[in-house]
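Structure assessment
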Amino acid sequence: MLEQRSATRPFPVDDVRRKFSALERAGRFVFFDNGAGAQVPDTVLEAVTDHLLARNVQRGGPYRQSREVDAMIARARDSVGAFVNARSADEIAFGLNATSFIRAISLAVGQTLQSRPEIIVSELDHEANVATWLALERAGARIVWWRLNPGDPLGRLRSADLEPLLTERTRLVACTMASNATGSLVDVADVARRAHAVGAEVFLDAVHYAPHGPIDVRALDCDYLVCSGYKVFAPHMGFAWCRREAINRLPTFREDFIPDVTPDKLEAGTYAYENVAGMEAAVGYLEDLGRSVAGPSPDPPVSRTDAVRLAMHAIADYERTLSALLLDEVARISGVTVYGVVDHDRLHERVPTLCFSVAGRDSTAIAAGLAAHEIGVRSGHMYSPRLIRRLGLEPAGAVRASLVHYNTAAEIARFGMALREVLD
């Protein structure tokens, strides 16, 4: 099993860090704001630079450089297809960011509401996966709210609470895979099972989850999934995976000469090809990490998709240790309240994103104090204002430390020391 391979070898965090020159260049600064954007490995920087130097031209031309752009985009579709375990590369579309894809798809869905006018959205989600669907009320949509469980002080979504909301009038359920504020995971495979049982579709925001664990759109059985590359060690760009049958039915905007099929029908205009080259390199970095974890000459040989999955399982295993260390660190500090999963036996239900407040202290001041200690965190509502409101944290919001696999136990210890000094 892939998961067993990843668990039998220690995670090579020192080797990983050497692949990110940005970490060395930052000196003592600690990147604990990865939920807003992660650093890129050197191979990604090299891919972006190489594209701009060697083939910064438009695709579709007969000359060598233009054909190279076409080839790079095809390779990138294959790479991202391996990252999400797509059925084929033509299910992958590239663009500006996840939000722009949510908007494009929501506008298309809004033209197909007829007998199914209900869209289910959640209080847990990033505003991008809420406001885009709320805008469809002008097109006749009826918004149904999937509320947080009022008896759960940790602010989590339960798929069982979704069941009574689903009817034959439900067109689509939009939800996140992981809260970008608290790091809590959602059982999206169960969401898809329940939604499909009534004939509804499922739209997943994978932005916050994607750096932390494997994505398998076939196993999840979702219909649409969007992600931003800059959260998964690539430059600023976005991609969408759409079930071919689902997206090809939608009336998306396109110029007349653009084919009305995936991926063309979602790629309006020219996007940043150099950043797509960087996304291809980011998946290549993960593939190399997976092969490193697998060890020399594994039997049977590891396929590309399996290598990426192996890397993501290894990352998830390692990050559970980071989550445990983070929770232990703040548990020793008086007045700190953590929002999200705190039980060490349930670390598989969260990613290493720590959302907390301190009694009697301003969250913005805490984040500024940590910045003075060269630790980058974020404060406020994290673009999830409904969740922050439900947790009773308005107007100041919370503090968020969001880690990824290049972070270390030593950095967490520094974070704890700095937080104590700030509070003292």
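What you see is a predicted model, and the numbers here were worked out from it, not measured in a lab. (Residues numbered from 1 in each chain as written. Predicted model: local features only at pLDDT ≥ 70, side-chain atom pairs only at ≥ 80, totals over all residues. Heavy atoms only, no water.)

1. A word on the overall build of the chain
Applied cut-off: What counts as a helix is a DSSP run of H or I of at least four residues, what counts as a strand is a run of E of at least two, and both are numbered from the N terminus. For the radius of gyration, the atoms used are the C-alpha atoms, and the globule rule reads 2.2 Å times the number of residues raised to 0.38. We call a residue buried when its accessible area falls under 20% of the maximum for its residue type, exposed when it is over 50%, and partly exposed in between, using a 1.4 Å probe and counting protein chains only. Surface exposure here means Shrake-Rupley accessible area, sampled with a 1.4 Å probe, where a residue is shielded only by the protein chains that are shown. His is not counted, nor are the chain ends, whereas Lys and Arg count as positive and Asp and Glu as negative. By convention, charge coordinates are those of NZ in Lys, CZ in Arg, CG in Asp, or CD in Glu.
Within the chain, the secondary structure is distributed over 15 helices and 13 strands. For the chain, whose C-alpha radius of gyration is 21 Å, the value lies close to the compact-globule estimate of 22 Å for 424 residues. C-alpha extents for the chain along the principal axes are approximately 65 × 50 × 40 Å. Every one of the 424 residues in the chain was classed for burial, and the buried ones make up 57%. Summed over all atoms, the accessible surface of the chain reaches about 17,300 Å², with 52% contributed by carbon and sulfur. Both charge centroids of the chain, one from 47 positive and one from 54 negative side chains, sit 2 Å from each other.

2. Examining the packing of helix H4 (residues 42-54) against helix H11 (residues 273-294)
Note the following rule: Note on definitions: angles span 0 to 180 degrees between N-to-C directions of axes, and those axes are lines fitted to C-alpha atoms, for helices only across the stretch in contact. Angular relationships are summarised with four words: roughly parallel below 35 degrees, roughly antiparallel beyond 145, roughly perpendicular across 65 to 115, and oblique for the angles in between. Left-handed is the label given to a crossing in which the near helix is rotated counterclockwise from the far helix by less than a right angle, and right-handed is the label when the rotation is clockwise. Should any heavy atoms of two residues lie within 4.5 Å, those residues are counted as being in contact. The classification used treats Ala, Val, Leu, Ile, Met, Phe, Trp, Tyr, Cys and Pro as nonpolar, Asp, Glu, Lys and Arg as charged, and all other residues, Gly among them, as polar.
Close contact between H4 and H11 brings their axes to 8 Å; oriented N to C, the two are set at 150°. Put simply, H4 runs roughly antiparallel to H11. Both H4 and H11 take part in a crossing whose hand is right-handed. On H11, the residues that touch Thr43, Val44, Ala47, Val48, His51 and Leu52 of H4 are Tyr273, Glu274, Ala277, Gly278, Ala281, Ala282 and Tyr285. For the contact of H4 with H11, the per-class residue count stands at nine nonpolar, three polar and one charged.

3. Description of the sheet that holds strand E10 (residues 353-358)
We count it as follows: Two strands make a pair as long as DSSP finds a minimum of two bridges between them.
Taking strand neighbours across the sheet as the criterion, the four strands line up as E9-E10-E13-E12 in an open arrangement whose pairing is antiparallel. Each edge of the open sheet is held by one strand with a lone partner, namely strand E9 (336-339) and strand E12 (378-380). Averaged over neighbouring strand pairs, the angle between their axes works out to 30° when direction is ignored. Sheet analysis places E12 next to strand E13 (residues 398-402), joined by three bridges and oriented antiparallel. Counted as the bridge partner of Gly380 is Ala398 from E13. Of the strands in this sheet, E10, E12 and E13 touch helix H13 (residues 363-372), which is tilted by about 170° from E12.

4. Description of the pattern of salt bridges
Note the threshold: Here a salt bridge means any side-chain nitrogen of Lys or Arg lying within 4 Å of a carboxyl oxygen belonging to Asp or Glu.
Tallied over the full model, the rule gives 35 salt bridges. Residue Asp15 is joined to Arg18 by a salt bridge in which the shortest nitrogen-to-oxygen separation is 2.2 Å. Residue Asp15 and its partner Arg18 are both found in helix H2 (residues 13-18); the two are separated by three residues, about one turn of the helix. Salt bridges sharing partners connect three or more residues here, namely Asp50, Arg55, Arg64 and Glu68.

5. Looking at empty space enclosed by the protein
Sizing a probe to match a water molecule and rolling it over the atoms shows the empty space that remains. What counts is decided by this rule: Here a cavity means grid points, on a 1 Å grid over the protein atoms only, where a 1.4 Å probe fits yet cannot get out; a pocket means an open set of points with protein on both sides within 12 Å along at least five of seven lines; lining residues are those with an atom within 4 Å of a point. Grid points are joined across faces, edges and corners, and a volume is the space filled by probe spheres set on the points.
Enumeration over the complete set of coordinates arrives at one cavity of 30 Å³ or more. Each pocket or cavity is described by its volume, and for the largest cavity that value is around 50 Å³. Asn34, Gly35, Val207, His208, Pro211, His212, Lys231, Thr353, Ser402, Leu403 and Val404 are the residues that line the largest cavity. Of the residues assigned to the lining of the largest cavity, the class counts are four nonpolar, six polar and one charged.

6. Topic: the layout of surface pockets
Computed from the structure, the largest pocket encloses a volume of approximately 620 Å³. Along the walls of the largest pocket sit 28 residues, with Leu185, Tyr209, Gly213, Pro214 and His313 positioned nearest its centre. If you list the elements that add at least two residues to the lining of the largest pocket, you get helix H8 (188-197), helix H9 (217-220) and helix H12 (304-331). Among the elements that take part in the lining of the largest pocket, H12 stands out by supplying seven residues, more than any other.

7. Structural notes on the nonpolar core
Put simply, the test is: The definition of a nonpolar core used throughout is a set of buried Ala, Val, Leu, Ile, Met, Phe, Trp, Tyr and Cys residues joined through side-chain atoms within 4.5 Å.
Of all hydrophobic cores here, the largest spans 115 residues; its most connected members are Phe83, Phe94, Ile215 and Phe415. Element by element, the count of residues in this core is highest for H12, at 13 residues. In this view, Phe83 contacts Ala210, Ile215, Val232, Phe239, Val283, Leu286, Val308 and Met312; residues no more than four positions away in its chain are not counted. Among the nonpolar cores identified, the runner-up in size contains 27 residues, and Val109, Val121, Leu136 and Val226 belong to it.

8. Examining H13
Filter applied, for reference: Taking the helix axis as origin, the arc is that swept by the directions to the C-beta atoms. A 3.5 Å cut-off defines polar contacts: any pair of N or O atoms within that distance qualifies, except that in protein one atom must be a possible hydrogen donor and the other a possible acceptor, and neighbouring residues in sequence count only when both atoms are side-chain atoms.
The complete set of buried residues in H13 reads Ser363, Ile366, Ala367, Gly369 and Leu370. The arc that holds every buried residue of H13, seen down its axis, measures 160°, which confines them to one face. Contacts made by the buried residues of H13 are with E10, strand E11 (375-376), E12, E13 and helix H15 (409-423). Measuring from the backbone nitrogen of Thr364 back to the side-chain oxygen at the start of H13 gives 3.1 Å, which picks out Asp362 as the cap. Just downstream of H13, Glu374 is the residue with a positive phi angle, here 65°.

Keep in mind that these numbers describe shape and distance, not what the molecule does.
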